[in-house]
Structure formats: C-alpha cells, structure tokens
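Reading the structure
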Amino acid sequence: MTGWLDGTAFAAIPGAVAGGLIAGTLLPLLGMWVVLQRVVFLGVTLAQVAAAGVALGLILNLPSLPFGMAVTLGLVTLVGSRQRLTRLGDAALGAGFCVASALSLLFISRSASDLDEVNHVLYGNLIYAAPEAVWTVGITLAACATIIVIFFKELLFTSFDAESAAALGMRARGWQLLLFLVLALALSVSMRTTGSLLSFAMLVLPPLAALRLRVGLRTTFTLSAVLGFLGTLAGLALAVSADLHVESSITIALFMMIPICAAWRRHPAWGLALAGALFAAGASITPTDSGDAHRHHHDAAIVAAAGDPFHADVALLATQPLAGGPLRIEWSIDIHRDPEETQVPPAVWLLLSSEGLFDEHLLVPDLYALPAGDSLHTGTYLVDVDRPIHHIDGQLWSGPSDSMDSEPLDPAHTSVESCDVTRR
Amino acid sequence: MADGGTRAPTLLRVMDVSAGYGKLRTLSNVSIDVQRGKVTALVGPNGCGKTTLLRVLLGLLNPQAGSVEWPQGRVRVGYVPQADASEQIFPVSALEVVCMGLTPGMALLRSPGSRERADCQEAMERFDVARLAGHPFRELSGGQRQRVMLARATVANPELLVLDEPVRGLDFASSAKLVSSMRDLALNGGMAVVVATHSLDLVANYADTVALFKEGRVLAGPVAEILDDAHLTDYLGTPIHVAEVDGIRMVVPGEMVTRSVDEQRP
C-alpha cells in the first residue's frame, strides 16, 4: 500500500493517508443531506451512538465493529420507524448525545481491552490505520455513496419536502430511514479509523463550505467531496510537517475551507489569496518535542524512513489509578527496516527504569519475520507497583523472545520517549 | 364568479370523519364532497382543523372515525404545502423543484430525462415561471416560489389538487395571479381543487363550495348559500358583512359597516 506514496512526506503513514482521503471524500456526500435538512446534531449524535456501540462491544468482548454497527443501525431503525428522524428536535438529540457520550466513557473505563483500542474509538487512530481497516472503510463508504447516487431523486424529494412526497404517494419516512441507516452504517465503520470527532467534522464541514459557493445541487455535492479531499490532504500535510495531532489538524483544515469558499465566492482571487496565506501559516509551524504516545509516530517514522536501515522508536503513555495500584503502560513502537537484509535483533524488549521501578517487557518477538519497510506495533500491559509513580523513562534492549540480553540497543538506532504518569 | 349550484362528478367523499393527533380530536363528524371541476374552500380560524382535514384527504393521517371514499377510484394527487413548509437551504433550481413532482411516477433507477424536463418546462409556462427555470429556488420571491410549487403539484396532471394556505404572506398581485391560476385549473383543467385559506375574498369570488370550520364541526355547501353574514359571524366569531357590487362579493368586518353607517347619520 505504500508504493504510491514513496518519496513523499506521507510514505510513513500510508494507512492514515488512504483512510483519511477516502473518508474525507465520501463522508461529505452523506453529510450534505444532514446539513441540508438542518439536522446536523443528528449527525453528531449518530457518531456518538456508534462510538458507544463500539465501546460496548469491547466491554462485552464481542467483535466491536459489527456490534457497534448493529447497535447504531438497530437504534436508528427503532426510532426511525416510530417517527420521522428529522423531527426529533434539538432537545431529544441533545439528550441522546449526552447519554451516548457518557456511556462511551463508562464503557471505556470498564473495558479490559487494550487502552489504545478504546481511546481510538473516541479520538481516532488514523495513524495506526491497518490496510484491512482502510479497505473496510473504503468499501463501506463506496457502497453507501452508491446507494445515495442510485436513489438520489427519491432522497432529494423526501428530504426537501417530506410531506408533499408522502402526499403524492411516496414512502417518505421509509426513504428517510434508508438515508439515516446508510449514514449510521458509514459512521459506525469510519469510526474505527477516524474517531467520532473527525467523522463528524468530515460529515459536516465540507458540505458547509460547498454551500458557501452557492452553485447548483449536483455541483454542490461534487464540490463537498472535492473540498473534503483537499481539506483532508491539507490537514495531513500540516500534521506531518508540524508534527501535530492528525485528526485535529484535518478538522481544522476542513473548517478553514469554509472561509476560503466564502472568500472565493466574493472573488476567486480572494479565495486563492486566503488559501495561500493559510498554507504559509501552516508551513511556518515548527515541530515541538512535547507530546504523548499518540502524537509523534508519524514524525519518528519519517525520520526513520529518511535513510537509517534499522530504527525503532517507542512512544509511551502511562496511567495509574488515583488511589494507587498497577501502572498501566500503553506503548507503540515504530520499526523501520529497509533493505530486508538489514541485521536486526531477534526481539525487542522495553526496560522501564524510574523512581526505583525496574520492569522489563517483551515488545516485539521475531523481528526477522517482519517485512522490509515500516511496521507499527502497539500494546498495553500492567506493572505492579505499591506506590505512586510520577514519571517513567525507558530503554530498548535486544535479546531472544524468552529473555533480555545484558546490553541495550544502540541509542543511535532507537528512541524511547519518556512520559509523565497520568492519574485516573 | 363561482357558482356552486351545478352538479359535477364527485371525486372524493368525506363521511362523518373524526380525526386528530393522539388524544386530541380536532375534527368531529365532518362530511363534505369534493367534485371535479370545482374549487372547494376550507375556511375557519387557526387551529379549527382545516389542515387536519387536508392531511386526512391526502392520506397522511388516518381518521379516528368515519371514512374517505373515492367513488371513481383513487386518483393522482397534487399538493402545495404551506409556503414556509418548503426548505430554502437546498441549492435546487426552480426546474429541479418542479421535476420532483414527477418522482413518484418514475421508475426507481431512472433520472428525469429530456422528456420529463420538457413536461416541467410546460408546467412552468402555465404559471408564468418558465423563465425562472434555472434560478435557485431559495432566491425566488414568495409569489414566484408558490407558482413554482403549483407547477410542481400539477406537472403530473393530477385530478385532485390540494393547497394549504397558498396565498399566505403574498402581496395582492401575487395572490391574484395564484388564485386565477387555481381557478383556471378547476374550470378548464377539470381538476378538483381543495384549498385551505384565511382569504375570504378568495373564497367569495373563486370557490364553488365552502366548508366553514369552528371547533371541529363543519358547515359545508355552495358558496352562495353558506357565505353570508350570519354564518360567517357565527363561525369566525366576529361580526362580518358580505356585500355584492356588480357581481363581485366583498367580505368586510361588520364593525366597519356599523361605523360607516354611524358616520352617515346626521
């Protein structure tokens, strides 16, 4: 999947690029209906319901994606068959949003699953998007967009004037239910890759920008997809160049499409000037060193991809209950190995050492088996301690899978980001 | 001027219909006939049940009691909702709005082609809005929008046309054009037209049959019989006077007539 990005700044994050661009292009086509029917809050509530469904799947140890999808589709069907979803009202949607958000957090706090997994449900994991997840998102969103195109005239009439459509014999509520089921399906699936924040941003912001241009219906739909694509690309570029959180960068870039389109509407030169100014401002942002386990992997991977035949970078996130107890270590390691003949250690171990704590943990066994190129590995484990720990440092050590060697790996080829411990 | 005395084929028969929303009953034992080639007006204060009856006629609301019969079989229906019921954020052109009227009759996977667009253009010409075909619907004036909606409602050649307060918020000229078009559809197009309205002048001069609503009950009959001072005063709850000058009926508040008489006294 990386071939088409070789030589670009995105070579280290092909999943994020593919997943982001697919979702950024196709979700606006669905979001346009939400915006046009003035039920934007229904979109964000659906996104949150999908997140709660996925989190519930995790806590029940069920396949989280199908389960989250089933919960969302079931809820939409249940409510939509009783009344028109577009008439739910702000109060009902607000209540649904609050409850779904609270349930997501509750399920996550009780989940025995990998903390990575559950956090990604809410905040997205574009950086870690695996090829199969990208394929799933791509196929599902393409199917959803196809349904929208095939039944465009029916969805248009029932969205524009549901009562007249029903009066003329159409099953207006059924068509609207189909629309929101498609939307729920798209959100449930894209949630695992983009998270609820970015899914909602992709759903709403490009359509709002396209509507600013005040062009015809079909052109508006097409433009929303184009603007979604461009905004996502700009956000990814910003995140990579300035070492920023990917999902937030894309959200901001998508939002900036609105003033750019408003300026373009006044005069195309104004739009281009504003876009150029924003691009220059984004390019002037320089990377910083601070951050957490989620933030800098694309940066580390890009450094690694720059020429070092073997490089391993570890990011850590540590949490400990307020009342004391086991330290939860969330780790991710980005391994770069190219060419394939490069000598690598048989396995990589993480040695934590701080405030009197020493703990060793096997991160990646059988490095020989890894394909050439970049690979990302994540995981979580618990360290038993009987006192509060405030800060952790670590080193990478080599060794076979059953025991750690007596020497650390060369720091010239490895890095471990230290981190403060978060109280929960 | 309309004459409700001529018999015409009955298209729709409402018999002892009671209807409402949940436990709230807004119509009780209402019976009216809707005839081809005639304009039937529903008149009454806000909340009296006019829209409820329209929704029953359109099949959007099931009656709690009574029945709606179609003596000649179910017919095609056209509908013009209240002016503010149509969304204005959609970036659709006037032509696209009119094309929506053909959607229910088209096959699922078919898009409007050149034949359908020609039908829409023809419908728009009928209501003098053909030149606005490419204009964004949301940028049209209220009167233009209503005529576009009328074109949409009639593009599929319905036999029953239902209009919900079509002249609300329109200026005098726009109202006159719209009402004239509506009357023409009944007289020359043979449609049965049902219109809910607050415009008594419209009813007095363009309707054939009128149904006066008050607190869920209805008094229905030819305009010439029903639209008089006593009935209007009773049903609308305020003194009303119906005058006729050169064959044109004028409906004015009764207080105005009393004041005018008082002022003429020595």
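Residues numbered from 1 in each chain as written. Chains lettered and ligands numbered in written order. Predicted model: local features only at pLDDT ≥ 70, side-chain atom pairs only at ≥ 80, totals over all residues. Heavy atoms only, no water.

This brings us to the overall build of chain B. Of the regular secondary structure elements, chain B holds 9 helices and 11 strands. With 266 residues in all, chain B has 51% of them scored as buried. Sequence separation of 24 or more characterises 66% of the internal contacts of chain B that already satisfy a separation of 6 or more. Accessible surface, chain B as shown: approximately 11900 Å² in total, 50% of it carbon and sulfur. (Helix = DSSP H or I, 4+ residues; strand = E, 2+ residues; numbered from the N terminus. Buried < 20%, exposed > 50% of the residue type's maximum accessible area, 1.4 Å probe, protein only. Contact = heavy atoms within 4.5 Å. Areas by Shrake-Rupley, 256 points an atom, 1.4 Å probe, with all protein chains shown as cover.)

Of the residues in chain A, 87% have a pLDDT of 70 or more, and the chain-wide mean is 82. Between residues 289–306 of chain A, whose pLDDT stays under 50, and residues either more than four places distant or in other chains, the model counts 52 contacts. (pLDDT = per-residue confidence, 0-100.)

The next thing to look at is the nonpolar core. Leu30 and Phe180 of chain A together with Leu42, Leu53, Val92, Leu160 and Val210 of chain B are the most contacted members of the largest nonpolar core, which has 164 residues in total. Top contributing element to this core by residue count: helix H9 (residues 172–212) of chain A, with 21 residues. Residues within four places of leucine 30 of chain A in sequence aside, it is in contact with Cys144, Ile148, Val182, Leu183, Ala186 and Leu203 of chain A. Core analysis: the second largest hydrophobic core is formed by 28 residues, Leu316, Leu352, Val364 and Val421 of chain A among them. (Core = buried A, V, L, I, M, F, W, Y, C linked by side-chain atoms within 4.5 Å.)

All right, on to the interface of chain A and chain B then. Between chain A and chain B, the residue contacts involve 27 residues of the former and 30 residues of the latter. Buried area between chain A and chain B, summed over both chains or domains, comes out near 2600 Å², and the portion from carbon and sulfur atoms is 64%. Of all residues in chain A, Lys153, Phe160 and Leu168 of chain A bury the most surface against chain B, accounting for 29% of the area lost on that side. Applying the counting rule to chain A against chain B returns 4 salt bridges. Its salt-bridge partner being arginine 218 of chain A, residue glutamate 96 of chain B comes within 3.2 Å of it at the nearest N-O pair. (Buried area = accessible area lost by both parts, 1.4 Å probe. Salt bridge = Lys/Arg side-chain N within 4 Å of Asp/Glu carboxyl O.)

A few words now on helix H6 (residues 131–150) of chain A. Over its 20 residues, H6 of chain A extends 28 Å from the first C-alpha to the last, a length consistent with the 28 Å expected when each residue adds 1.5 Å. The secondary structure elements touched by the buried residues of H6 of chain A are helix H1 (14–36), helix H7 (152–160) and H9 of chain A. (Expected span 1.5 Å × (residues − 1).)

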